[in-house]
Amino acid sequence: MGHDTDSADHDFLAELRWRGLLHQTAGEEVARHVGQASTAPRIAYVGFDPTAEALTIGNFIQIKLLAHWQRCGHRPIVLMGGGTGLIGDPSGKSAERQLLDAERVAANVEAQRPTFARVLDFSESASNRAVILNNLDWLGPIGYLEMLRDVGKHFSVNQMIQRDSVAARLNSREQGISYTEFSYVLLQAYDFLHLFRTRSCTVQLGGSDQYGNIVSGMDLIRRMAGGEAFGVTTPLVANRDGTKIGKSERGAIYLDASRTSPFAFHQFWLNVADDEVGRYLRFFTFLDEAEVLELEAAHAAAPQERAAQRRLAALMTELFHGVGERARAELAAAALFSGDVRSLDARSLREVASELPGSVEERAALAGEGVPLADVLVRTALVTSKREAREFLAAGAISVNGERIEPEHRLTASDLLHGETTLLRRGRKHWHAVAWR
RNA sequence: GGGCGGAUACCGAAGUGGACAAACGGGACAGACUGUAAAUCUGUUGGGCUCAGCCCUACGGGGGUUCGAAUCCCUCUCCGCCCA
């Protein structure tokens, strides 16, 4: 099999197509512009909305779009919406957005930066190295009159109100749409124009909800610069049942270790459903088609091995958290899911415990009769009330250090691992580390 | 502006003076079985306690009638439908 993903003779659209990441293209002969080996390297951008300080695996698809672009020999631009983030894109939103203040947006832009470096090549030596730009740099200084006169002139309100995202809000009595959000498309179109003029950027990539914004930018480039530009969108990636990818019961999965621990991140991928794992491999990893097909075949032959999920989890964790964290996550997973935590040595135990939610308890409470387990449980995230704690205990859902215990169990010194920690578990998957001080 | 109907737990939805922390369905959580899967079966699903029992808070908000109110009355808010 060819590991030729870095070579420039790869066809970007074909790459997206087999992965199921190609939704629509916009522009005449887009395939010729971006596709073949014979064409010159092109420049494309994706806009990112800095409404959160951390990116989720949902955002990763868009970053990955740029990565494929780069691996096909083209040059990617990450456009942080420091300016547009102050306004808010109405696309795909059913309610008016909360406006963020400029400092918040600036902070988020900075916080997101390192995540991009994990996926894109920013090295000086690369001829097609990625760059990060912030549209506040050009949207900030622009004057209102200038915007209305030079850019607004080219937009027809008649067309703007036809757009689904706008029409839905216009027809909604409760929500409505503010003039601010209504005008959003001018800014994004202007971004594209600006990048076309200053960076020779001719392609905008994005999710399918960005199609309208992208086409508006292409129009503006034609009208104001007499140039030709193109757009490529990805489908909305969702699970087969229509639910959003990347939501666990604890909320979104972030790419940043401060929001989602490497262990939780690893677990997320490991728990992908059988009938989704093939799509996940295509969507999220850089494995080539032959490797994916091979993994799928292996998985179909022996689903209980979950080779596909393991590979997926390993690749993703390594990509965002590095080899060391991946190894730690795998070690922790092996110990926790076998339930065999007693055999861990002190160092491994500490590492495993550090991957889990934890709390600190008074060591003195363990003396003599000890402390009722239920009382300790309420202070963990495993249960929400003492009543619930009793319920789980009665149902046999709670184990201490990997072993089932009686509902009336009291924690004593004998429940300490290496004299310092007790690992509690609810059900199969929910762990909590108690440190005794 | 007028008329009618409605607001019940995470969601849908019963209940129309006491046996209601509230049927039923979905969801969620847990147990069994498994592969950290799916399906299936079982249980739980407001909070507290000295836990086969007791106590507190709850049926849109506020007030009232009554020994007793999710249920009756007044009022406010919001939603739906019809008429202007």
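Residues numbered from 1 in each chain as written. Chains lettered and ligands numbered in written order. Predicted model: local features only at pLDDT ≥ 70, side-chain atom pairs only at ≥ 80, totals over all residues. Heavy atoms only, no water.

1. Digging into the pattern of salt bridges
Two side chains bearing opposite charge may form a pair once their charged atoms approach each other closely. Worth spelling out the cut-off: By definition here, a salt bridge exists when the distance from a side-chain nitrogen of Lys or Arg to a carboxyl oxygen of Asp or Glu is within 4 Å. In this description a helix means any DSSP run of H or I spanning at least four residues, a strand means any run of E spanning at least two, and both kinds are numbered starting from the N terminus. Relative accessibility under 20% of the residue-type maximum defines a buried residue, over 50% an exposed one, and the middle range a partly exposed one, all with a 1.4 Å probe and only protein chains included.
Taken as a whole, this structure holds 15 salt bridges when the rule is applied. Between arginine 342 and glutamate 403 there is a salt bridge whose closest N-O contact spans 2.9 Å. Pair noted here: arginine 342 is in the loop between α15 (307-338) and α16 (346-354) and glutamate 403 is in strand β12 (residues 403-404), with a separation of 61 residues, a long-range link. Taking relative accessible area as the criterion, glutamate 403 reaches 39% and is therefore assigned partly exposed. Linked through salt bridges whose partners overlap, the residues forming this network are Glu325, Arg328, Arg347, Glu351 and Glu355.

2. Quick look at the packing of aromatic side chains
Where we set the bar: Pairing of aromatic side chains here covers Phe, Tyr and the six-membered ring of Trp, requires ring centres within 6.5 Å, and sorts the geometry by plane angle: under 30 degrees stacked, over 60 edge-to-face, intermediate tilted.
Taken as a whole, this structure holds 12 aromatic pairs when the rule is applied. Residues tyrosine 45 and phenylalanine 192 carry aromatic rings whose centres are separated by 5.6 Å and whose planes lie at 65° to one another, so their mutual orientation is edge-to-face. A residue pair is termed long-range when its members are at least 10 positions apart, and tyrosine 45 in strand β2 (residues 43-48) and phenylalanine 192 in helix α10 (residues 184-199) qualify at 147 residues. With 5.1 Å between their ring centres and 85° between their planes, phenylalanine 60 and phenylalanine 320 make a pair best called edge-to-face.

3. A few points about a nonpolar patch on the surface
Formally: Residues enter patches when they are more than 30% accessible in relative terms and free of salt bridges; like-charged ones are connected within 9 Å and nonpolar ones (Val, Leu, Ile, Met, Phe, Trp, Tyr) within 5 Å. Accessibility throughout is a Shrake-Rupley quantity obtained with a 1.4 Å probe, and a residue counts as covered only by protein chains that appear here.
A contiguous nonpolar surface patch, about 360 Å² in accessible area, is contributed by Tyr144, Leu148 and Tyr179. Along the chain, tyrosine 144 falls in helix α6 (residues 144-151).

4. Points about the sheet that holds strand β9 (residues 358-361)
One key point about sheets: their strands pair by backbone hydrogen bonds, in either a parallel or an antiparallel sense. Basically, it comes down to this: A pair of strands is considered paired only if DSSP assigns at least 2 bridges between the two.
With mixed pairing, five strands are arranged side by side in an open sheet as β9-β15-β14-β11-β12. Because the sheet does not close on itself, it has two edges, and the strands there are β9 and β12. Where β9 and strand β15 (residues 430-436) come together, four bridges link them in parallel fashion. Bridge assignment links serine 359 to a residue of β15, and that residue is valine 434.

5. Focus: the environment of alanine 102
The residue alanine 102 is located in helix α4 (residues 102-119) in this model. Considering only alpha carbons, one finds alanine 102 and glycine 85, 17 residues apart in sequence, at a separation of 8.7 Å.

6. With respect to the sheet that holds strand β3 (residues 75-80)
What counts, and what does not: Here an axis means a line fitted to C-alpha atoms, over the contact stretch when the element is a helix, while the angle between two N-to-C directions is reported on a 0 to 180 degree scale. Only heavy atoms enter the contact rule, under which two residues are in contact if any of them lie within 4.5 Å.
Across the sheet, six strands lie side by side as β1-β6-β5-β2-β3-β4; this open sheet has mixed pairing. With partners counted over all chains shown, the strands left at the sheet margins are β1 (24-26) and β4 (131-134), one partner each. Going across the sheet, the axis of each strand differs from the next one's by a mean of 25°, ignoring polarity. Note that β1 and strand β6 (residues 230-234) share three bridges and pair antiparallel. Its bridge partner being in β6, threonine 25 is matched across the sheet by valine 232. Running at roughly 155° to β3, α4 makes contact with β2, β3 and β4 of the sheet. The strands touched by α10 within the sheet are β2, β3, β4, β5 (203-207) and β6, with β2 carrying the most contacts at an inclination of about 150°.

7. As for the protein's contact with RNA strand B
Definition in use: Whether a residue is near a molecule or strand is decided by its heavy atoms; if any one of them lies within 4 Å of it, the residue is near. Pairs of N or O atoms within 3.5 Å make up the polar contacts considered here, provided that, within protein, one atom can donate a hydrogen while the other can accept it, and that residues adjacent in sequence are counted only when both atoms are side-chain atoms.
In the vicinity of RNA strand B lie 24 residues, with Asn271, Asp274, Lys386, Arg390 and Glu391 positioned nearest. Per the 4 Å cut-off to the protein, sugar and phosphate atoms form 60% of the nearby atoms of RNA strand B. One of the side-chain N or O atoms of asparagine 271 is found 2.6 Å from a sugar or linking oxygen in RNA strand B. Between RNA strand B and arginine 426 there is a distance of 3.0 Å, counted from a sugar or linking oxygen to a side-chain nitrogen or oxygen.

8. Let's talk about the environment of isoleucine 132
In this structure, isoleucine 132 sits in strand β4. Look at isoleucine 132 and you get buried, because its relative accessible area is 19%. When the C-alpha positions of isoleucine 132 and leucine 79 are compared, they lie 5.9 Å apart, and in sequence the two are 53 residues distant. In this view, isoleucine 132 contacts Val78, Met80, Arg113, Phe116 and Phe122; residues no more than four positions away in its chain are not counted.

9. With respect to the confidence of the model for chain A
Rules: Known as pLDDT, the predictor's confidence for each residue is given on a scale from 0 to 100.
In this model, chain A carries a mean pLDDT of 83, and residues with pLDDT of at least 70 account for 88%. Throughout residues 1-9 the model reports pLDDT below 50, and contacts reaching past four residues in sequence, or to other chains, amount to 16 contacts. Here the predicted complex scores 0.80 on pTM and 0.81 on ipTM.

10. Details of helix α11 (residues 211-225)
As a reminder of what qualifies: Given a helix with a known number of residues, its expected span is that number minus one, times 1.5 Å.
The terminal C-alpha atoms of α11 lie 21 Å apart, and with 15 residues this matches the ideal 21 Å at 1.5 Å per residue to within 8%. Listed as buried for α11 are Asn213, Ile214, Ser216, Gly217, Met218, Leu220 and Ile221. Buried residues along α11 sit against β1, α6, α10, β5 and β6. Looking one or two residues past α11, glycine 226 carries a phi angle of roughly 65°, positive in sign.

11. A look at the side chain of asparagine 401
As for its placement among the helices and strands, asparagine 401 is situated in the loop between β11 (398-400) and β12. Residues within four places of asparagine 401 in sequence aside, it is in contact with Gly339, Val341, Arg342, Asp415, Leu417, Thr421, Thr422 and Leu423.

12. A short note on unusual backbone geometry
Even without glycine at this site, arginine 306 takes up a positive phi of about 50°. Looking at where arginine 306 falls in the secondary structure, it is placed in the loop between α14 (289-301) and α15. Although it is not a glycine, histidine 418 adopts a positive phi angle of roughly 50°. Here histidine 418 lies in the loop between β13 (410-411) and β14 (421-426).

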